[in-house]
Amino acid sequence: ELFGSLEPLLPALREDGVAVWVLGAGPYPPGALALQELLDAASEELQPEDVWEPRDMNDTCLYIFTSGTTGGAGPGAGGGSGWAWGGSTLSFPLPGLPKAARVSHLKAVMCLSFYELVGASGRDVVYLALPLHHMAGALLGVVGCLGIGATCVLREKFSASQFWEDCRAEGVTVFQYIGELCRYLVNQPQ
């Protein structure tokens, strides 16, 4: 759904060596790598470790381009406006995008343990209404659920008026939040 905002930047991204991956119904212009076709054609057999294991866990795994919604745009500030995956040789800033927050392989793997650190387990059902282009939603939320084997209930957009009904219907035991979400819940009429 966010691809349209990135499309005008594809030539500059390609020039800087950034691969733009998309998942969903196309068609997509040249320069965008459609993942669904690759997934459909991929072998189910696991590749040898030397193909997919990083040389150094501190190498860059991914970049998150921040919007600066909770402060100045830059690494780790505010929500995200997109992802770019690639090596650590990219030059930043990229034209048309805010600063990028660099996430190492180690930090990405550490997100697998996030919920375990706060006492959650594979028996939990985690309610996640954070944007998946935000580190808290994608890495801590979804990847965190994968790390403990928990069920992840995704809501497209947070709704304070529907929150408790959603939680009861899905058997939610854990809610991940940032910012003002709890204040919105407390201010809901009973």
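What this report covers is the structure whose coordinates are included nearby. This is a predicted model, so every value here is computed, not measured.

Looking only at helices and strands, the protein chain has 9 helices and 8 strands in total. In the protein chain, once contacts between residues fewer than 6 apart in sequence are set aside, the share between residues at least 24 apart is 64%. Accessible surface, the protein chain as shown: approximately 11,900 Å² in total, 56% of it carbon and sulfur.

Bringing the nonpolar core into the picture now. Note that soluble globular proteins tend to have their nonpolar side chains buried in a common cluster. Grouped together as the largest cluster of nonpolar side chains are 14 residues, with contacts concentrated most on Tyr127, Phe158, Phe163 and Val172. Among the elements that line this core, the one with the most residues is strand S6 (residues 125-128), at 3 residues. Ignoring anything within four residues of it in the chain, the contact list for tyrosine 127 reads Val153, Arg155, Phe163, Asp166, Cys167, Val172, Val174, Phe175 and Gln176. The next biggest cluster of nonpolar side chains, apart from the first, holds 8 residues, and it includes Cys61, Val103, Leu139 and Val143.

Here we take up the sheet that holds S6. Pairing in this open sheet of 3 strands is parallel, and the strands run S7-S6-S8 from one edge to the other. Since the sheet does not close on itself, it has two edges, and those belong to strand S7 (151-154) and strand S8 (174-176), each with one partner. Each adjacent strand pair in this sheet contributes to an overall mean axis angle of 25°, direction not counted. Note: S6 against S8, 3 bridges, orientation parallel. By the bridge assignment for S8, valine 126 is matched with valine 174.

This part takes up the packing of aromatic side chains. Inspection of every chain in the model, using the stated rule, returns 8 aromatic pairs. Both rings, one in phenylalanine 114 and one in tyrosine 115, keep their centres 5.0 Å apart while their planes meet at 55°; by these two values the pair is tilted. Classification of tyrosine 115 as buried rests on a relative accessible area of 2%. Members of the aromatic cluster, joined through ring pairs, are Tyr127, Phe158, Phe163, Trp164, Phe175 and Tyr177.

Reading the values: rules and limits
- Residues numbered from 1 in each chain as written.
- Predicted model: local features only at pLDDT ≥ 70, side-chain atom pairs only at ≥ 80, totals over all residues.
- Heavy atoms only, no water.
- Helix = DSSP H or I, 4+ residues; strand = E, 2+ residues; numbered from the N terminus.
- Contact = heavy atoms within 4.5 Å.
- Areas by Shrake-Rupley, 256 points an atom, 1.4 Å probe, with all protein chains shown as cover.
- Core = buried A, V, L, I, M, F, W, Y, C linked by side-chain atoms within 4.5 Å.
- Buried < 20%, exposed > 50% of the residue type's maximum accessible area, 1.4 Å probe, protein only.
- Pairing = 2+ DSSP bridges.
- Axes fitted to C-alpha atoms, helices over the stretch in contact; angles between N-to-C directions.
- Phe/Tyr/Trp six-rings, centres within 6.5 Å; stacked < 30°, edge-to-face > 60°.

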